[in-house]
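# Observations on the model geometry
As a plain string of letters, each chain reads:
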Amino acid sequence: SQQGEEDPQALSIQEGENATMNCSYKTSINNLQWYRQNSGRGLVHLILIRSNEREKHSGRLRVTLDTSKKSSSLLITASRAADTASYFCATEYTGANSKLTFGKGITLSVRP
Amino acid sequence: SAVISQKPSRDICQRGTSLTIQCQVDSQVTMMFWYRQQPGQSLTLIATANQGSEATYESGFVIDKFPISRPNLTFSTLTVSNMSPEDSSIYLCSVGPSSINIQYFGAGTRLSVL
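An account of the accompanying structure is given in this report. (Residues numbered from 1 in each chain as written. Chains lettered and ligands numbered in written order. Predicted model: local features only at pLDDT ≥ 70, side-chain atom pairs only at ≥ 80, totals over all residues. Heavy atoms only, no water.)

### Focus on the pattern of salt bridges
Taken as a whole, this structure holds four salt bridges over all chains when the rule is applied. In this structure, aspartate 83 of chain A and arginine 60 of chain A form a salt bridge, with 2.9 Å as the shortest nitrogen-oxygen distance. With aspartate 83 of chain A in the loop between strand S8 (71–76) and strand S9 (85–93) and arginine 60 of chain A in the loop between strand S6 (55–58) and strand S7 (61–66), the pair connects residues that are 23 residues apart, well separated along the chain. A residue is classified by how much of its surface remains accessible, and arginine 60 of chain A, at 23% relative accessible area, is partly exposed. Residue glutamate 58 of chain B is joined to lysine 99 of chain A by a salt bridge in which the shortest nitrogen-to-oxygen separation is 2.9 Å. Taken as a pair, glutamate 58 of chain B in the loop between strand S6 (56–57) and strand S7 (68–72) and lysine 99 of chain A in the loop between S9 and strand S10 (101–102) lie in two separate chains rather than in one. Under the relative-accessibility criterion, lysine 99 of chain A is labelled partly exposed at 26%. (Salt bridge = Lys/Arg side-chain N within 4 Å of Asp/Glu carboxyl O. Helix = DSSP H or I, 4+ residues; strand = E, 2+ residues; numbered from the N terminus. Buried < 20%, exposed > 50% of the residue type's maximum accessible area, 1.4 Å probe, protein only.)

### Quick word on unusual backbone geometry
Trans peptide bonds make up the majority, and among non-glycine residues the majority have a negative phi. A cis geometry characterises the amide bond from aspartate 7 of chain A onward to proline 8 of chain A, with omega recorded as -5°. One can find proline 8 of chain A in the loop between strand S1 (5–7) and strand S2 (10–14). With an omega of -5°, the peptide bond running from lysine 7 of chain B to proline 8 of chain B counts as cis. Along the chain, proline 8 of chain B falls in the loop between strand S1 (4–7) and strand S2 (10–13). The phi angle at alanine 78 of chain A is positive, at roughly 45°, despite the residue not being glycine. Looking at alanine 78 of chain A, the relative accessible area reads 40%, which means it is partly exposed. Its identity as a non-glycine residue notwithstanding, asparagine 82 of chain B has a phi of 45°, on the positive side. Relative to the helices and strands, asparagine 82 of chain B resides in the loop between strand S8 (75–80) and strand S9 (89–96).

### Quick look at the interface of chain B and chain A
Counting from both sides, the interface comprises 20 residues of chain B and, opposite them, 22 residues of chain A. Summed over both sides, the interface of chain B with chain A buries roughly 1,600 Å², with 54% coming from carbon and sulfur. Counting across the interface, chain B meets chain A through one salt bridge. Elements with a contribution of two residues or more to the side of chain B that touches chain A: strand S4 (31–37), strand S5 (43–50) and S9 of chain B. When residues of the side of chain B that touches chain A are assigned to their parent elements, the largest contribution, four residues, is made by S4 of chain B. Grouping the amino acids of the side of chain B that touches chain A by side-chain chemistry returns eleven nonpolar, seven polar and two charged. (Contact = heavy atoms within 4.5 Å. Buried area = accessible area lost by both parts, 1.4 Å probe. Nonpolar A, V, L, I, M, F, W, Y, C, P; charged D, E, K, R; others polar.)

### What to know about the side chain of glutamine 103 of chain B
Tracing the backbone shows glutamine 103 of chain B in the loop between S9 and strand S10 (104–105). Side-chain polar atoms of glutamine 103 of chain B contact the side chain of tyrosine 35 of chain B, separated by 2.8 Å. One polar contact links glutamine 103 of chain B to serine 94 of chain B, side chain to side chain, over a distance of 2.8 Å. Aside from chain neighbours lying at most four places away, what touches glutamine 103 of chain B is Gln33, Tyr35, His45, Ser98 and Leu100 of chain A together with Phe33, Tyr35, Ser94 and Val95 of chain B. (Polar contact = N/O pair within 3.5 Å; in protein donor to acceptor, adjacent residues only side chain to side chain.)

Everything listed here is a matter of geometry and, on its own, says nothing about what the molecule does.
So, in structure tokens, the structure goes:
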């Protein structure tokens, strides 16, 4: 399977703390994306990083990509209770023709 | 961005019956995708639906079980046929604008099969 792996599987932090989530993948990619899913609803796109990029920022989100290690991390700074959700990394593998492969997801709980 | 309306939002069905899920987009899109998400699991791609051609199914999914229609650039349906309890899942449609490979998702259909 080409499915990515996130870690940790579950993360519980206090409001105001930073949350770091990691994702590893297996073969070469065009890009890697992070999505959020609230309570079994549809996914919402958060951020995309291309294979030739190393770091991107969007608001309180910071994503890094290390293609030599085939890994990415998502940092959420100054977390809020509303950040409580499941987070998925998704990769567009080279030659995948726009299809995305989703990891197993990380459940983030932010305690007020 | 794109706004996707997916119906029904949830349903409870008897085994052996079929359910058709609808996905309507507010703009024309080339690619539409159907996913299954089993309880507590990740998303698994069922098929890619392109207008004017047969859907492309992923390994483990067949047209007889999951027939898909894509009559135009804003609409698609997925049918879950001859359902069994193992089909209980959330089914999600998404669209992928051609300019950049970000997918926008519907809210999902939560299906329970008794």
